[in-house]
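# Survey of secondary and tertiary structure
Residues per chain, in single letters:
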Amino acid sequence: MEDKPLTVRETVNAAKDRIGEKDLKGVLEGVTRVVAAKGKKIVEYDLAKDAPTMAELAKVMLGPTGNLRAPTIRAGKKLLVGFNADVYGEHLG
C-alpha cells in the first residue's frame, strides 16, 4: 500500500493561541473518537459509546498549564492528543 501524504488544513501556534478547558467543547465538535497519549499510557474514548464527562476529557487533553496538550491532530473524526509514534502509525497510516 502506498503512503498518502497528510494535508494540513490549519495550524495553531499553541504559544500564542491558548486553548483551555472552556474551549474543549469547540475542539471536540464533530469528533467521535479521542486518543490521548501521555508517554506510554494511551487512553481512547469512543464519544458515542463511552460518553466521558468533560472533566474526564480535560484530564487527558490538557497539560499542567491548563492548555490543550501539543501536538493535537484532528484526522477526520478522530482527535489525537499528545505524541506516541505507535498511535500515529495506527491512526494516520
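As the structure is a computational prediction, the values presented were derived from the model and not from experiment.

Cut-offs applied
Residues numbered from 1 in each chain as written. Predicted model: local features only at pLDDT ≥ 70, side-chain atom pairs only at ≥ 80, totals over all residues. Heavy atoms only, no water. 1 Å grid on protein atoms, 1.4 Å probe; cavity = no way out; pocket = protein on both sides within 12 Å on 5 of 7 lines; lining within 4 Å. Points joined across faces, edges and corners; volume = space filled by probe spheres on them. Helix = DSSP H or I, 4+ residues; strand = E, 2+ residues; numbered from the N terminus. Nonpolar A, V, L, I, M, F, W, Y, C, P; charged D, E, K, R; others polar. Pairing = 2+ DSSP bridges. Axes fitted to C-alpha atoms, helices over the stretch in contact; angles between N-to-C directions. Salt bridge = Lys/Arg side-chain N within 4 Å of Asp/Glu carboxyl O. Buried < 20%, exposed > 50% of the residue type's maximum accessible area, 1.4 Å probe, protein only. Core = buried A, V, L, I, M, F, W, Y, C linked by side-chain atoms within 4.5 Å. Contact = heavy atoms within 4.5 Å.

### What about the layout of surface pockets?
Taking a probe equal in size to a water molecule and rolling it over the atoms shows the remaining empty space. Put simply, the largest pocket is a space of about 990 Å³. Considering the residues around the largest pocket, the lining is formed by 27 residues, among which Glu10, Thr11, Thr72, Ile73 and Arg74 are closest to the centre. Contributing elements (two or more residues each) for the lining of the largest pocket: strand E3 (72-75) and helix H3 (85-92). Take the lining of the largest pocket: its biggest share by element is 4 residues, from E3. Of the residues in the lining of the largest pocket, the class split is 13 nonpolar, 8 polar and 6 charged.

### A word on the sheet that holds E3
In any sheet, the strands associate via hydrogen bonds between backbone groups, in a parallel or an antiparallel arrangement. Ordered by their spatial adjacency, 4 strands build an open sheet running E2-E1-E4-E3, and the pairing between neighbours is mixed. Each having just a single partner strand, strand E2 (41-46) and E3 make up the two edges of the open sheet. Looking at each pair of strands side by side, their axes are set apart by 15 degrees on average, direction ignored. Where E3 meets strand E4 (residues 78-81), 4 bridges bridge the pair, whose relative direction is antiparallel. Bridging across to E4, alanine 75 finds its partner in lysine 78.

### What about the pattern of salt bridges?
Side chains that differ in sign of charge can pair as their charged atoms come close. Enumeration over the complete set of coordinates arrives at 2 salt bridges. The closest approach of N and O atoms between arginine 33 and glutamate 44, which form a salt bridge, is 3.6 Å. Here arginine 33, found in strand E1 (residues 33-38), pairs with glutamate 44, found in strand E2; they are 11 residues apart in sequence, far enough to count as distant. On the accessibility criterion, glutamate 44 (38% relative accessible area) is partly exposed.

### Focus: the pairing of E4
Here E1 pairs with E4 via 4 bridges, running parallel. For valine 35, the partnering residue across the bridge sits in E4 and is leucine 80. As consecutive antiparallel partners, E3 and E4 are separated by 2 residues, and within that stretch glycine 76 has a phi angle of approximately 65 degrees, a positive value.

### Here we look at the nonpolar core
One finds Val34, Met61 and Leu79 to be the most contacted residues of the largest nonpolar core, which totals 16 residues. Broken down by secondary-structure element, the contributors of at least two residues to this core are helix H1 (24-27), E1, E2, helix H2 (54-61) and E4. Among the elements that line this core, the one with the most residues is H2, at 4 residues. The contact partners of leucine 79, leaving out residues within four places of it in the chain, are Val27, Leu28, Val31, Arg33, Val34, Val35, Met61, Thr72, Ile73 and Arg74.

### Let's talk about unusual backbone geometry
The omega torsion across alanine 70 and proline 71 is -5 degrees, close enough to zero to call that bond cis. Position of proline 71 among the secondary structure elements: in the loop between H2 and E3. A positive phi is found at alanine 51, a non-glycine position, where the angle reads about 45 degrees. Turning to its location among the elements, alanine 51 is positioned in the loop between E2 and H2.

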